[in-house]
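The chain contents come next:
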Amino acid sequence: MRRNISLVLLVLFIVGLYVVQNKGVVPFVMKVLESDIFETKDDEEEQLGKVKNERTDFAYMHCKSHMLEEHVVPENSEFMDDKYEAWALGGKNYIVRSEVLVTSEQGRAAEKFVCKLRMTGDDQTNKDSWSILGTELNPADGGE
């Protein structure tokens, strides 16, 4: 008799756990998952891919100044400001590509450059709010 009562109590306990899980725990977990608790939102939603806006204008400007300061190009180089292209990679990371006319002993030559940078601060106009991740300079192809 004692064994039968234990078996019945075990079955009732398992059924009770099942009901508590389906009626209490699962709905609570689903509400938490649907809430904004785990969602990190940027202050602004940024379009990914090829973009040209005020932020990319500043990114281009900071790339130019970095290339001049780090002597990647000579000081008398002429940047083609109207030809730059920029891509937003997400997480305030950008790639900027353009051309620069470099004067050397052989004459003036157009060279393409690529600059990868990240906006780390809040003020896009401030140079310290940007981190240059890398630059590359290559001779421009005549057949593009």
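Let me begin by describing the structure that accompanies this report.

Procedures and definitions
- Residues numbered from 1 in each chain as written.
- Predicted model: local features only at pLDDT ≥ 70, side-chain atom pairs only at ≥ 80, totals over all residues.
- Heavy atoms only, no water.
- Helix = DSSP H or I, 4+ residues; strand = E, 2+ residues; numbered from the N terminus.
- Rg over C-alpha atoms; globule rule 2.2 N^0.38 Å.
- Contact = heavy atoms within 4.5 Å.
- Areas by Shrake-Rupley, 256 points an atom, 1.4 Å probe, with all protein chains shown as cover.
- Lys, Arg positive; Asp, Glu negative; His and termini not counted.
- Charge placed at Lys NZ, Arg CZ, Asp CG, Glu CD.
- Expected span 1.5 Å × (residues − 1).
- Bend = angle between axes of the 7 residues up to and from the residue.
- Disulfide = S-S within 2.5 Å.
- Buried < 20%, exposed > 50% of the residue type's maximum accessible area, 1.4 Å probe, protein only.
- Salt bridge = Lys/Arg side-chain N within 4 Å of Asp/Glu carboxyl O.
- Patch = residues over 30% accessible without salt bridge, like charges linked within 9 Å, V, L, I, M, F, W, Y side chains within 5 Å.
- Core = buried A, V, L, I, M, F, W, Y, C linked by side-chain atoms within 4.5 Å.

In this section: the overall build of the chain. Helix and strand counts for the chain stand at 2 helices and 6 strands. Against the compact-globule benchmark of 15 Å for 144 residues, the chain has a radius of gyration of 30 Å, which places it well outside the compact range. Taking the principal axes of its C-alpha atoms as reference, the chain extends roughly 105 × 30 × 25 Å. Sequence separation of at least 24 residues holds for 48% of the intrachain contacts in the chain that already meet a minimum separation of 6. Accessible surface, the chain: about 10500 Å² in total, of which carbon and sulfur atoms supply 55%. Charged side chains in the chain number 17 positive and 26 negative. The centres of these two groups are separated by 13 Å.

Here we take up helix α1 (residues 2-34). In this model α1 runs 47 Å from its N-terminal to its C-terminal C-alpha over 33 residues, within 8% of the 48 Å that 1.5 Å per residue would give. At Q21, α1 shows its maximal kink, close to 40°.

What follows deals with the state of the cysteines. Linking two cysteines covalently through their sulfur atoms gives a disulfide. Within this structure, the stated rule accounts for 1 disulfide. A disulfide bridge connects C63 with C115, and the sulfur atoms are separated by 2.2 Å. On the sign convention where negative is left-handed, the bridge of C63 and C115, at about -85° about the S-S bond, is left-handed. Of this pair, C63 sits in helix α2 (residues 54-69) while C115 sits in strand β5 (residues 107-119), and the two are 52 residues apart along the sequence. Each member of the pair, C63 together with C115, is buried.

The next point concerns the pattern of salt bridges. For the structure shown, the criterion picks out 5 salt bridges. Here K64 and D81 are joined by a salt bridge, their closest N and O atoms 3.0 Å apart. In this pair, K64 is assigned in helix α2 and D81 in the loop between β2 (78-79) and β3 (85-90), connecting sequence segments 17 residues apart. Between E85 and R97 there is a salt bridge, with its nearest N and O atoms 2.2 Å apart. Linking E85 in strand β3 with R97 in strand β4 (residues 93-104), this pair joins segments that are 12 residues apart in sequence. Through salt bridges that share partners, K50, E85 and R97 make up one connected network.

A few words now on unusual backbone geometry. Keep in mind that most residues, glycine aside, have a negative phi and that most peptide bonds are trans. Even without glycine at this site, H71 takes up a positive phi of about 60°. Counting through the fold element by element, H71 comes out in the loop between α2 and β2. The exposed category is assigned to H71, whose relative accessible area is 60%.

Take a nonpolar patch on the surface next. A surface patch of nonpolar side chains, amounting to about 900 Å² of accessible area, comprises L7, L10, V11, F13, I14, V15, L17, Y18 and V19. If you trace the backbone, V19 turns up in helix α1. The exposure class assigned to V19 is partly exposed, which follows from its relative accessible area of 42%.

To continue, consider the nonpolar core. Core analysis: the biggest nonpolar cluster contains 20 residues, and F79, V96, L117 and W130 have the highest contact counts within it. Listed by contribution, the elements that provide at least two residues to this core are α2, β3, β4 and β5. When residues of this core are assigned to their parent elements, the largest contribution, 5 residues, is made by α2. Among all residues touching W130, those that are not within four sequence positions of it are R55, F58, A59, H62, Y94, L117, R118, M119, T120, D123 and Q124.

The topology assignment puts E99 in strand β4. Buried and unpaired, E99 has no salt bridge, with K83 as the nearest side chain of opposite charge at 4.0 Å. Once you skip the residues sitting within four places of it in the chain, E99 turns out to touch F79, M80, K83, A110, E111, K112 and F113.

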